[in-house]
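# Architecture and fold: a report
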Amino acid sequence: MITYSFLQEYWWFIISLLGGLLVFLLFVQGGQSMIKSLGKTEDERRLIVYALGRKWEYTFTTLVTFGGAFFASFPLFYSTSFGGAYWVWMLLLFSFVLQAVSYEFQSKPGNVFGTGTYRTFLFLNGLLGPFLIGAAVATFYTGSAFAVSKGNLVGLGGVGPVISQWQNPLHGLEALFDIRNWCLGLAVLFLARTLAALFFVNRLDDESLVSRARKYVLYNGIPFVVFFLTFLIWTLVAKGFAVDPATKAVSLEPLKYLNNFIQMPIVLIFFLLGVVAVLYGVIATVFQTGFKKGIWFAGAGTVITVTMLLLIAGYNNTAYYPSTADLQSSLTIRNSSSSEFTLTAMSIVSILVPFVLAYIIYAWRALEKKRLSVEDLKTDGHAY
Amino acid sequence: MELLNSSLLEWSRAQFAMTAGYHWLFVPLTLGLGIIMSIVESIYVKTGDEKWKKAAKFWQLIFGINFAIGVATGIILEFQFGTNWSNYSWFVGDIFGAPLAIEGIVAFFLEATFISIMFFGWNRVGKKTHLASTWLTVGGATLSAYWILVANAWMQYPAGMAFNPETVRNEMVSFWSVALSPFAVNKFFHTVVSAWGLGAAFVSGVSAWYLIKNRNNDFALKSIKVSAIFGLVSFLLLAITGDGSAYQVAQKQPMKLAAMEGLYKGHEGAGLIAVGMLNPAKKAYDDNVDPYAFKIELPKMLSLMGYRNINAFVPGINDIVAGGYALPDGSIALSFEEKRSRGQKAIEALANFQEAKKAGLDSEAAQYEAVLRENYPYFGYGYLTDAHQLVPNVPLTFYSFHIMVIIGAYFILLFLVLCWYNCKKKIESTRWLQYVALWSIPLAYIAGQLGWVVAEVGRQPWTIQDVLPLQAAVSSLSAGNVIITFTLFALLFTALLIAEITIMVKQIKKGPED
C-alpha cells in the first residue's frame, strides 16, 4: 500500500540518491582543480580540459535536478535553507556560473579575458564546488541556527510574515566555525580529486599523464580517508537529532547516527560495501599498474556510500535539517514534505528516471569507445 | 517588520529582473537557432550535400557559444526562488516545485546528454544518429521551456490548487490543471515562437552580413532560404498567440491589461491604441490628469481582443480600484477596499484557526476555516495597505507592450519581403535589404525583453495573482546581502556577455570555411 509516509521515505531516498550521484559527478570539479598541477605541458592541460569538457554538463544538470527535486518534495527545506544559509548557496551558484562558460570560451579567439582566466574559473569551481557542498551537507548532522513558525505569515510571530527566520546574521557562513563541517567539506574535495585522478587513469591514452594520475590517486586518497573518517567517527559518536514519532518532539540523542545504522542493518551493509568499493578502487589503482577500472569501483562506491549517509540523516525518526537555535523547528521528512498528492504525481514522473539513465549510458558509451589522446585534439572539431 | 523594508524588496526584485533578463538574452537564440540548425542538418542528411553540413556545423558552433552562457545564467534563477523568495517557496512550493523538478528530470538531461553527441559525435556516431541527437538537444531545450513556463503561467493564473490551513500553504489537487492550463499552453507557444522568430532574425541578419561582405555567398543564401520562411511562419504564429495572451490577461489580470493600454477609465467597445504617448504629468491613478498626450486607436479592438465581443466593457485602472461594474460572469466586481477587507478577514481567520488548533478547539477551528475559505480568493489583498499598491508601473508596461507589438508587425513585413526576394532570387543583389536584415537583429532581442517586461511588471504587486503579494513572499534578509549578490551577478553577467559577443563576432568573421 502506498501511504503518505512511504512516499516521504521514497522521496528522501531519491534525494539521497541524487546527492550520491552528484558527489560522484564532482569528479569533474576535482579534475578542474588539478588542470595546472597534473598537466605539465599545454597539450596535457588541453587534454585534461577536453576529457572533462564532455562531462561537466552531467554534474551541472544533476545539481540543478537535485535542487528542483528537493524543492518539489521538501519545499520547507528549500525555503529555510536557501533563504537562510544565503551565502553558502550563493557562493556555490556563483562558482557554477563561472564553470558553465569556461569550457566553451577558454580557447576561443576574442574571449576577452584569456585562457588563463577561464582556467582559474574552473579551478575556483573545482575547489569551492565540492567543499561547499560537503560543508553544507555536514550541517545535516551538525545543525544550523534557524526558526520556523508558520504563524508568522498571519502576524502571530511579531517578526514579519516570513516563516523561516535564520538566526545568524552571517547567513550560512557561520557553518565555517564548525570543524566538523570543514572535515566533510575537505573530505568531499579530496574525494572529488581522487575520483578525477581515477577518471584520468581510465580515460586518457597518455602514459606520462596516467602515471602521474596514479600518484594523484594516492596523494588525494590519503587526506580524503583521514578527513572522511574524522567526520564519520565524530558524527557516529556525537549526539544526533531524534524525533519522537508520537509527539513529533525533537531532542538530542547520544549516538543517534550510530543507532540508525544498527537499527537499519541493510543501510549499514550497503554503506560498508560502498566504503570497501571506494577503497578497493583507490588501492588497486595505486598498486596495480595495469589496473584502469578504479573509477567504476570508487564511483559506484561513492554513490552508495553517500546515499546511505544521507539516509541515516532522514530515516528512523531523525531530523535531517536540524536547528540548533530552536530544536522544535528542525526539519524532518514528515514536517517539511510536499502533500501526498504532489509526492504521488512526482513519483509517477520518477518512473522516467531509468529511461533517462539508459540514454545517458548510451551517450556515454557512444562517445567513449576509445581512450582520449593528444591526437584527438587535432582531429576533433569541437576540442576546447 | 523592519527587515522587510522596501529596500530589500526593491533589490530582491531588481536581482530577479536582472538575472531573468540576462537569461532571456540567450535562451531565445538557443531555441530559435536550435530549430534552424536542425533543419539545416536535416537537409544535409537528406541531400548528402557537404555544403549543408558545413552550414549546420557553423550554426552549431554559434549555438554552443550561446548555449554555455544560457546555462550559466539559468542556474541562479531556479535557486533564487529559495534564496530570495523563501516564503513564496513554502507557500506554493507544493505546486511550483513540481514543474521545476520535472524540467530537470525530463528536459535538462535530454539536452545535456545529446548536446555532447552533437558536438563530439560527428566522427563517432552515424549521420542519422547525429541528426537525431541534434533534434533531441533542441527538443530538450524546448521541453525545459515548457515546464518553466508552466510554472510562470501558474503564478499569473493559479489553478489546480487548494489552500490547506493546517500546513499554511497551497497544495496541488490537479496535476493536469497545472500542467495543461490554457494559460500555460498559450504562454508556451507565444514564448517559444518568439524565440524562433529571434533565431530567424539572427540567422537572416548574420547571413546578410556575409552577402554585404560578398563572401560565403552560397552558405548565406542557403541559410536565408531556411530562416526567411521560418521567420515568417514564426511571426505570424506570434501574432495569433499574442492575441490569445491578451484574451487570457483580460480574464484573469484585468489590471495588467489596463496598464498595457494606459486605460484608466474603462468603457464599452474600447479601442486598442495603435500609436500613442502617455502624459508624463500623470503620477497616480486618482490625480484626475488626462493619461494620454496623444493616441491613435483601432476602434473596438480592445473589447474584441479581451472579451471576444466588440461591445464588451473593458475596465480601466480606476474601475478596478472602485469596483461596481459587471464582470463577464454576471457578478459585480468588488472594490479594492472590499477585497482588502476580505483578505484581512482571511488572514485573521487563519491566525484564529491556528490558535484554536493549538488549543485543541476543533469546532472553533472549523468555523474559522469556513471564514477563511469564503474569503481566501482575496487572501493577498490583506497584505496591501493602499490602493496605489495595486497599480503596476503604467508607462513601463504601456510602452513595452506597444513597442513589442510594433516590432512584431515590422518583422512580419521584413520576412515577407525576404521570402519574396528569396523566391525571385534577388537577395544577393539587393544591398538595402541586406543592411535592413543585419540591423534588425537587435530589434528581435528588444521585443523579447519587452514581452517579459509586460508579463512581469504588468502583474505587480503579485507573485501569485491575488494570493501572495511581493512583500509577503520575500526572504528575511537584510538588503545589504541582496545588494552584494545583485552587484556580483550584474558584474559577472556583464563581463560574460561582453566575452560572448566578442567570441561570436570573431567566429562569424572567421566564417563557416574553417
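Residues numbered from 1 in each chain as written. Chains lettered and ligands numbered in written order. Predicted model: local features only at pLDDT ≥ 70, side-chain atom pairs only at ≥ 80, totals over all residues. Heavy atoms only, no water.

### Details of the overall build of chain A
Just so we agree on the cut-off: Under the DSSP-based scheme used, a helix requires at least four consecutive residues in state H or I and a strand at least two consecutive residues in state E, with every element numbered from the N terminus. With the radius of gyration taken over C-alpha atoms, the globule rule is written as 2.2 Å times the number of residues to the power 0.38. Relative accessible area decides the class of each residue, using a 1.4 Å probe on protein chains only: under 20% of the type maximum gives buried, over 50% gives exposed, and in between gives partly exposed. Should any heavy atoms of two residues lie within 4.5 Å, those residues are considered in contact. To be clear on the numbers: accessible area is Shrake-Rupley with a 1.4 Å probe, and residue cover counts the displayed protein chains and nothing else. In this count, Lys and Arg are taken as positive residues and Asp and Glu as negative ones, while His and the chain termini are left out. By convention, the charge on Lys lies at NZ, on Arg at CZ, on Asp at CG and on Glu at CD.
Scanning chain A from terminus to terminus reveals 16 helices and four strands. For 384 residues, the compact-globule formula gives about 21 Å, and the C-alpha radius of gyration of chain A, at 21 Å, lands near that figure. With the principal axes as the frame, chain A shows a C-alpha extent of 65 × 45 × 40 Å. Burial status across chain A gives 64% buried among its 384 residues. Excluding contacts between residues fewer than 6 apart, the proportion of contacts in chain A whose partners are at least 24 apart in sequence is 76%. As displayed, chain A offers around 13,800 Å² of accessible surface, 70% of which is attributable to carbon and sulfur atoms. Computing the positive centroid from 26 side-chain charges and the negative centroid from 19, chain A places the two 4 Å apart.

### Concerning the side chain of Gln465(B)
All names here are of chain B. Operational definition: In protein, a polar contact means a hydrogen-donor-capable atom and an acceptor-capable atom, both N or O and within 3.5 Å, with residues adjacent in sequence counting only if both atoms are side-chain atoms; elsewhere, any N or O pair within 3.5 Å suffices.
By the secondary structure assignment, glutamine 465 is in the loop between strand 7 (462–464) and strand 8 (468–469). A polar atom in the side chain of glutamine 465 sits 3.3 Å from the side chain of aspartate 466. Setting aside its immediate chain neighbours within four residues, glutamine 465 contacts Met155, Gln156, Pro158, Lys252, Gln253 and Arg459.

### Let's talk about a nonpolar patch on the surface
Residues and elements named next belong to chain B. Selection rule: Only residues whose relative accessible area exceeds 30% and that take part in no salt bridge are eligible for patches, with like-charged residues grouped when within 9 Å of each other and nonpolar side chains (Val, Leu, Ile, Met, Phe, Trp, Tyr) grouped when within 5 Å. Take a side-chain nitrogen of Lys or Arg and a carboxyl oxygen of Asp or Glu: if they are within 4 Å of each other, that pair is a salt bridge.
A cluster of nonpolar side chains, contributed by Val275, Met277, Phe294, Ile296, Tyr399, Ile403 and Ile446, occupies part of the molecular surface with about 590 Å² of accessible area. Of all the elements in the fold, those that place two or more residues in the nonpolar patch are strand 4 (272–278), strand 5 (292–298) and helix 13 (394–423). Structurally, tyrosine 399 can be placed in helix 13. By relative accessible area, which is 30% here, tyrosine 399 ends up partly exposed.

### Concerning the environment of Phe114(B)
Mapped onto the elements of the fold, Phe114(B) is located in helix 3 (residues 86–120). For the pair Phe114(B) and Gly140(B), spaced 26 residues apart in the sequence, the C-alpha separation amounts to 8.8 Å.

### As for the interface of chain A and chain B
Put simply, the rule is: Defined in terms of a 1.4 Å probe, buried area is the accessible area two parts forfeit on being brought together, summed over both.
Contacts between chain A and chain B engage 83 residues on the former and 90 residues on the latter. Of the roughly 7,500 Å² buried at the junction of chain A and chain B (both faces included), carbon and sulfur atoms supply 75%. The tally of links between chain A and chain B comes to zero salt bridges. If you list the elements that add at least two residues to the side of chain A that touches chain B, you get helix 4 (42–53), helix 5 (56–73), helix 6 (75–84), helix 7 (86–105), strand 2 (164–166), helix 14 (340–350), helix 15 (353–367) and helix 16 (374–379) of chain A.

### Overview of the pattern of salt bridges
On inspection of all chains with the given rule, the structure shows 20 salt bridges over all chains. Among the ionic pairs, Asp376(A) bridges to Lys370(A), the shortest N-O distance being 3.1 Å. Judged by its relative accessible area of 8%, Asp376(A) falls in the buried class. Where Asp243(B) meets Arg308(B), a salt bridge forms, and the shortest distance between an N and an O atom there is 3.0 Å. Separated by 65 residues along the polypeptide, Asp243(B) in helix 7 (residues 217–252) and Arg308(B) in the loop between helix 9 (301–307) and strand 6 (313–314) bring together distant segments of the chain. Accessibility expressed as a relative area gives 28% for Asp243(B), which makes it partly exposed. The structure contains a network of salt bridges with shared partners spanning Arg54(A), Lys55(A), Arg203(A) and Glu368(A).

### A closer look at unusual backbone geometry
Here the amide bond leading from Gln460(B) into Pro461(B) is cis, since omega sits at 5°, within 30 degrees of zero. Looking at where Pro461(B) falls in the secondary structure, it is placed in the loop between helix 15 (441–457) and strand 7. Even without glycine at this site, Val112(A) takes up a positive phi of about 65°. When you line up the elements, Val112(A) lands in the loop between helix 7 and helix 8 (115–142). When its relative accessible area of 46% is taken as the criterion, Val112(A) is described as partly exposed. Despite not being glycine, Arg308(B) has its phi angle at roughly 60°, a positive value. Looking at Arg308(B), the relative accessible area reads 42%, which means it is partly exposed.

### Topic: the nonpolar core
Keep this limit in mind: We define the nonpolar core as a collection of buried residues of types Ala, Val, Leu, Ile, Met, Phe, Trp, Tyr and Cys that are connected through side-chain atoms lying within 4.5 Å of one another.
Counting residues in each nonpolar core, the largest one holds 279 residues, and the members touching the most others are Phe200(A), Tyr320(A), Phe202(B) and Phe379(B). Per element, the largest residue contribution to this core is 19 residues, and it comes from helix 3 of chain B. With 40 residues, the next largest nonpolar core counts Ala258(B), Ala270(B), Ile273(B) and Val454(B) among its residues.

### Some remarks on the environment of Phe58(B)
Residues and elements named next belong to chain B. As for its position among the elements, phenylalanine 58 is in helix 2 (residues 50–84). Given a relative accessible area of 3%, phenylalanine 58 falls into the buried group. The sequence separation of phenylalanine 58 and leucine 77 amounts to 19 residues, and the corresponding C-alpha distance is 30 Å. Sequence-distant contacts of phenylalanine 58, that is, excluding residues within four places in its chain, are made with Tyr210, Phe219, Gln507, Ile508, Gly511 and Pro512.

### Overview of the confidence of the model for chain B
The condition is simple: pLDDT is a per-residue confidence score from the predictor, ranging from 0 to 100.
Of all residues in chain B, 99% have pLDDT values of 70 or greater, and the mean over the chain is 95. In the predicted complex, the global pTM is 0.94; the interface-specific ipTM is 0.94.

### Some thoughts on empty space enclosed by the protein
Where empty space is left in the structure can be found by rolling a water-sized probe over the atoms. Note the threshold: Here a cavity denotes a set of grid points, spaced 1 Å apart and computed over the protein atoms alone, in which a 1.4 Å probe fits but from which it cannot get out, and a pocket denotes an open set meeting protein on both sides within 12 Å along at least five of seven lines; residues with an atom within 4 Å of a point are reported as lining. Grid points are joined across faces, edges and corners, and a volume is the space filled by probe spheres set on the points. Charged residues are taken to be Asp, Glu, Lys and Arg, nonpolar residues to be Ala, Val, Leu, Ile, Met, Phe, Trp, Tyr, Cys and Pro, and polar residues to be all remaining types, Gly included.
Per the stated rule, a full pass over the model turns up four cavities of 30 Å³ or more. In this structure, the largest cavity spans a volume of roughly 150 Å³. Lining the largest cavity we find 18 residues, and of these Gly53(A), Trp56(A), Glu57(A), Tyr384(A) and Ile115(B) sit closest to its centre. Looking at the lining of the largest cavity, the elements that each hand over two or more residues are helix 5 and helix 7 of chain A together with helix 2 and helix 3 of chain B. Tallying contributions element by element places helix 3 of chain B first for the lining of the largest cavity, with five residues. Of the residues that constitute the lining of the largest cavity, the class distribution is eleven nonpolar, three polar and four charged. As a volume, the second largest cavity reaches approximately 40 Å³. Every residue along the wall of the second largest cavity is listed here: Phe24(A), Phe27(A), Phe199(A), Asn202(A), Arg203(A), Ile295(A), Trp296(A) and Trp364(A).

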